[in-house]
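Descriptive analysis of the structure
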Amino acid sequence: MTEPRVVFAHGKESGPWGSKIQHLATIAQARGFAVESLDYSALMDPLARVRRLIEHAPSGQPLVLVGSSMGGYVSAMACEALAPNALLLMAPALYLDAYPGDPAHCPADTIVVHGWDDDIVPLASGYNFARARRAALHVVADGHRLAESIDFIGEVFNAQLKRALGRVSPHS
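Residues numbered from 1 in each chain as written. Predicted model: local features only at pLDDT ≥ 70, side-chain atom pairs only at ≥ 80, totals over all residues. Heavy atoms only, no water.

Observations regarding the side chain of Thr110
Considering the arrangement of structural elements, one finds Thr110 in strand 5 (residues 109–115). Residue Thr110 is classed as buried on the basis of its relative accessible area of 3%. Apart from residues lying up to four places away in sequence, Thr110 is in contact with Leu87, Phe129, Ala135, Ala136 and Gln160. (Helix = DSSP H or I, 4+ residues; strand = E, 2+ residues; numbered from the N terminus. Buried < 20%, exposed > 50% of the residue type's maximum accessible area, 1.4 Å probe, protein only. Contact = heavy atoms within 4.5 Å.)

Concerning the environment of Leu24
With respect to the secondary-structure elements, Leu24 resides in helix 1 (residues 19–30). Excluding residues that lie within four positions of it along the chain, Leu24 makes contacts with Phe8, Val66, Leu88, Met90, Ile153, Gly154 and Phe157.

Observations concerning the pattern of salt bridges
Using the criterion set out here, one finds five salt bridges in the structure. For Arg163, the salt bridge identified is with Asp109, shortest N-O distance 2.9 Å. In this pair, Arg163 is assigned in helix 6 (residues 150–166) and Asp109 in strand 5, connecting sequence segments 54 residues apart. Assessed through its relative accessible area of 10%, Asp109 is described here as buried. Residue Asp109 pairs with Arg167 through a salt bridge whose shortest N-O separation is 3.4 Å. (Salt bridge = Lys/Arg side-chain N within 4 Å of Asp/Glu carboxyl O.)

Some remarks on helix 3 (residues 70–77)
Residue pairs three or four apart in sequence face the same way in an α-helix, which turns once every 3.6 residues. The buried fraction of helix 3 is high, at eight of eight residues. Where helix 3 is buried, its residues touch strand 1 (5–9), helix 2 (46–56), strand 3 (63–68), helix 4 (79–82), strand 4 (86–90) and helix 5 (123–133).

A few points about the nonpolar core
With 27 residues, the main nonpolar core has Leu53, Tyr73, Val74, Leu87, Leu89 and Phe129 as its most contacted residues. At the level of secondary structure, the elements contributing two or more residues to this core comprise strand 1, helix 2, strand 3, helix 3, helix 4, strand 4 and helix 5. The element contributing the most residues to this core is helix 3, with five residues. Other than its neighbours up to four places away in sequence, Phe129 contacts Ala76, Leu87, Leu89, Leu94, Tyr95, Pro103, Cys106, Thr110 and Val112. In terms of nonpolar packing, the next biggest core, distinct from the first, is built from 24 residues, Met90, Leu146, Ile153 and Val156 among them. (Core = buried A, V, L, I, M, F, W, Y, C linked by side-chain atoms within 4.5 Å.)

Things to note about the environment of Leu123
Note that Leu123 resides in helix 5. Put simply, Leu123 and Tyr99 are 24 residues apart on the chain and 16 Å apart in space, counted from C-alpha to C-alpha. Sequence-distant contacts of Leu123, defined by excluding residues within four places in its chain, comprise His114, Gly115, Trp116 and Val139.

Quick notes on the sheet that holds strand 2 (residues 34–37)
Ordered by their spatial adjacency, six strands build an open sheet running 2-1-3-4-5-6, and the pairing between neighbours is parallel. Strands with a single pairing partner mark the edges of an open sheet, and in this sheet they are strand 2 and strand 6 (136–140). The sheet shows a mean angle of 15° between the axes of neighbouring strands, taken without regard to direction. Here strand 5 runs beside strand 6; their pairing, made up of five bridges, is parallel. Across the sheet, residue Ile111 finds its bridge partner in strand 6, namely Ala136. (Pairing = 2+ DSSP bridges. Axes fitted to C-alpha atoms, helices over the stretch in contact; angles between N-to-C directions.)

Quick notes on the side chain of Ser69
Checked against the element boundaries, Ser69 lands in the loop between strand 3 and helix 3. Residues within four places of Ser69 in sequence aside, it is in contact with Gly11, Met90, Ala91, Pro92, Ala93, Val121 and His144.

So, in structure tokens, the structure goes:
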């Protein structure tokens with residue numbers, strides 16, 4: 001059995017270890033997950049970022065992908081190739097010009113957190129993605145960075161990781 005793993009994908013203008021990722025990585029490590037956060041800052045093309053994540057080929061049992069903004073697009077679009085057990089998207093940049101395609105084969109345990117006051121990615125992006133998949137959708141009183149909602153996101157994420165671990169057979 002491979003160790004549980006969480007792989008983070010940061011947003012367009014942030015870095016691999018921004019405040020949200022650091023907060024969530026601490027939660028994942030406390031649950032026994034290895035954590036990775038690739039640096040996409042040199043890649044401005046969202047499809048190039050998706051290819052980078054797929055080529056990295058992370059493995060883990062369970063495998064959880066987490067993405068914010070452009071990283072949400074990257075994580076969601078990589079689901080078909082990587083088959084994660086769970087997916088957490090924060091203000092995902094889906095269904096926007098220059099972000100082609102519709103994610104396929106997203107896991108049943110998919111959660112979207114989006115801010116009412118997001119002025120970068122419209123709430124409709126997260127809502128339409130979640131609605132099409134009957135995924136959990138949490139709309140919070142926050143903006144694009146979700147800085148005021150980090151504790152709430154941590155609670156949702158912690159519960160998701162607990163579920164993911166509970167679904168993995170010790171003989172996998």
